[in-house]
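Here is what each chain is made of, one letter per residue.
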Amino acid sequence: FSQHLWRQYFYHVSLYDEIERLTRELALAKAQQNLARELQKSNQRLQQLLQFKKLVPRKTVAAEVIGRDHSQWFQTIVVNKGTSDGVEKGHAVVAPAGVVGQVVETAPFHAKVLLIVDANSAVDVKIQRTRASGILKGGAAGLCRFDYALRNHDIKTGDVVITTGQDRVFPKGMLVGRVKVIDQPRAGIFQDVVVNPFVNFDTLEEVIIIIEPPEDSLRGNP
């Protein structure tokens, strides 16, 4: 009887050890699978970023988002490139999806970027379909305002908003967002236009910093 109990004991110990080994192997396999999935997604994003980088007609540098500040007062991100990479205050920051923002602070190895959804941001923009122009400013809830849109401007929900290049920061014709809401107050010469940015700032991981001014500004064109 005692021998039987010992055999049962050793069997259960061996079974427990085997379960522990299989559990560790399963956890390792899942970790490796997850790493492979993340590497695949990262590679896809980097390929897209590289293709987009070739389309930007000025000297650029790619950067990774390493910090965020989406507080009540500021909408900024921190990237891992700085003055040692040629990044300076005022440089434009973009992504394949559209305009991101503008560099507002720099250090040797990182920089802070003011997003276009921040209330302090201002970008010269126009409606792609009709060329009606205005100033894009940060609004509420991750949206933007298309300011100075005259009442007689032909603007419709769904219209694509692009940069004009006249602010000497962003190259002409870059995607910004899509018109989400239009309201025409009874009084005044302007209509209220709300724009939904193309860039998802909550999931943004890589950006392109344009470290030379747009071509138009180099030529001094109006």
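Parameters at a glance
- Residues numbered from 1 in each chain as written.
- Predicted model: local features only at pLDDT ≥ 70, side-chain atom pairs only at ≥ 80, totals over all residues.
- Heavy atoms only, no water.
- pLDDT = per-residue confidence, 0-100.
- Contact = heavy atoms within 4.5 Å.
- Salt bridge = Lys/Arg side-chain N within 4 Å of Asp/Glu carboxyl O.
- Helix = DSSP H or I, 4+ residues; strand = E, 2+ residues; numbered from the N terminus.
- Buried < 20%, exposed > 50% of the residue type's maximum accessible area, 1.4 Å probe, protein only.
- Pairing = 2+ DSSP bridges.
- Core = buried A, V, L, I, M, F, W, Y, C linked by side-chain atoms within 4.5 Å.
- Axes fitted to C-alpha atoms, helices over the stretch in contact; angles between N-to-C directions.
- Phe/Tyr/Trp six-rings, centres within 6.5 Å; stacked < 30°, edge-to-face > 60°.

**Student:** I would appreciate a short explanation of the confidence of the model for the protein chain in the present structure.
**Tutor:** Residues shown with low pLDDT carry predicted positions that ought not to be read at fine detail. For the protein chain, per-residue confidence averages 86 on the pLDDT scale, and residues scoring 70 or more make up 91% of the total. For residues 216–222, every residue scores under 50 in pLDDT, and the model assigns this stretch 8 contacts once sequence neighbours within four places are set aside.

**Student:** What exactly am I supposed to notice about the pattern of salt bridges here?
**Tutor:** Two side chains with opposite charge may pair up if their charged atoms get near one another. Scanning all chains against the criterion turns up 4 salt bridges. As a salt-bridge pair, Arg21 and Glu25 come within 2.5 Å of each other at their nearest N and O atoms. One end of the pair, Arg21, and the other, Glu25, are both in helix H1 (residues 2–55), 4 residues apart, so they sit about a helical turn from each other. Arg21 gets classed as partly exposed once you look at its relative accessible area, which sits at 32%. A salt bridge links Asp159 to Arg129; its shortest N-O distance comes to 2.9 Å. A residue pair is termed long-range when its members are at least 10 positions apart, and Asp159 in the loop between strand E9 (149–150) and strand E10 (160–163) and Arg129 in the loop between strand E6 (122–127) and strand E7 (133–138) qualify at 30 residues.

**Student:** I keep staring at the pairing of strand E13 (residues 206–210) and nothing clicks. Help me out?
**Tutor:** For a regular strand, side chains alternate in direction, first toward one face of the sheet and then toward the other. Within E13, 5 of the 5 residues are buried, which leaves the element mostly enclosed by the surrounding structure. Residues Glu206, Ile208 and Ile210 point to one face of E13 and Val207 and Ile209 to the other, with burial holding for every one of them. Bridge count between strand E3 (residues 92–95) and E13: 3 bridges; the pairing is antiparallel. Looking at the pairing, Val93 lines up with Ile209 of E13.

**Student:** Any chance you could explain the nonpolar core here in plain terms?
**Tutor:** What tends to happen in soluble globular proteins is that the nonpolar side chains get buried as a cluster. Judged by nonpolar contacts, the single largest core of 46 residues is most densely connected at Ile77, Val100, Ile116, Phe146, Leu204, Val207 and Ile209. Leave out the neighbours within four places in its chain, and Leu204 touches Val65, Arg68, Ile77, Ala95, Val100 and Val199.

**Student:** What is the right way to read the sheet that holds E3 from this model?
**Tutor:** Picture the strands of a sheet paired through backbone hydrogen bonds; they go either parallel or antiparallel. Read around the barrel, 6 strands follow the order E1-E2-E5-E4-E3-E13 and close on themselves; strand pairing throughout is antiparallel. For this sheet the average axis-to-axis angle between neighbouring strands, irrespective of direction, equals 45°. Pairing between strand E1 (residues 60–70) and strand E2 (residues 75–79): 5 bridges, direction antiparallel. Bridged to Val65 within E2 is Val79.

**Student:** Please clarify how the side chain of Asp118 should be interpreted in this entry.
**Tutor:** Along the chain, Asp118 falls in the loop between strand E5 (111–115) and E6. When residues no more than four places from it in sequence are discounted, the contact partners of Asp118 are Trp73, Phe74, Gln75 and Gly138.

**Student:** Got a minute to help me understand the packing of aromatic side chains in this structure?
**Tutor:** Aromatic ring pairs are reported here in terms of the distance separating the ring centres and the angle at which the planes meet. Scanning the entire structure with this criterion turns up 1 aromatic pair. Measuring from centroid to centroid gives 5.7 Å for Tyr148 and Phe190, while their planes differ by 75°, and the two rings are edge-to-face. Highlighted residues: Tyr148 in the loop between strand E8 (144–147) and E9 and Phe190 in strand E12 (residues 190–197), separated in sequence by 42 residues. Under the relative-accessibility criterion, Tyr148 is labelled partly exposed at 48%. On the basis of relative accessible area, Phe190 is assigned to the partly exposed category, the value being 33%.

**Student:** I'm lost on the side chain of Ser121 in this one. Help?
**Tutor:** Assignment of secondary structure puts Ser121 in the loop between E5 and E6. By relative accessible area, Ser121 is classed as buried at 7%. Every residue in contact with Ser121, bar those within four places of it in the chain, is listed here: Leu114, Leu115, Ile116, Leu136, Lys137 and Gly138.

**Student:** What should I look at first to understand the environment of Ile211 in this one?
**Tutor:** Among the structural elements, Ile211 can be located in the loop between E13 and helix H2 (215–219). Ile211 gets classed as buried once you look at its relative accessible area, which sits at 15%. For the pair formed by Ile211 and Asp85, sequence separation is 126 residues and the distance between their alpha carbons is 9.1 Å.

**Student:** So what exactly am I meant to see when it comes to the pairing of E12 here?
**Tutor:** Where burial is concerned, the two faces of E12 differ: the one with Gln191, Val193, Val195 and Pro197 is buried and the one with Phe190, Asp192, Val194 and Asn196 is not. Relative to E12, E8 runs antiparallel, the two sharing 2 bridges. Paired with Arg145 across the two strands is Val194, which belongs to E12. Across 2 bridges, E9 lies against E12 in antiparallel orientation. Paired with Ala149 across the two strands is Gln191, which belongs to E12. The sheet contact formed by strand E11 (residues 175–183) and E12 spans 6 bridges and is antiparallel. Considered in E12, the bridge of Val179 is made with Val195. Taking the residues that link successive antiparallel strands as the turn, the E11-E12 hairpin has 6 residues, and the phi of Gly188 there is positive, at about 100°.

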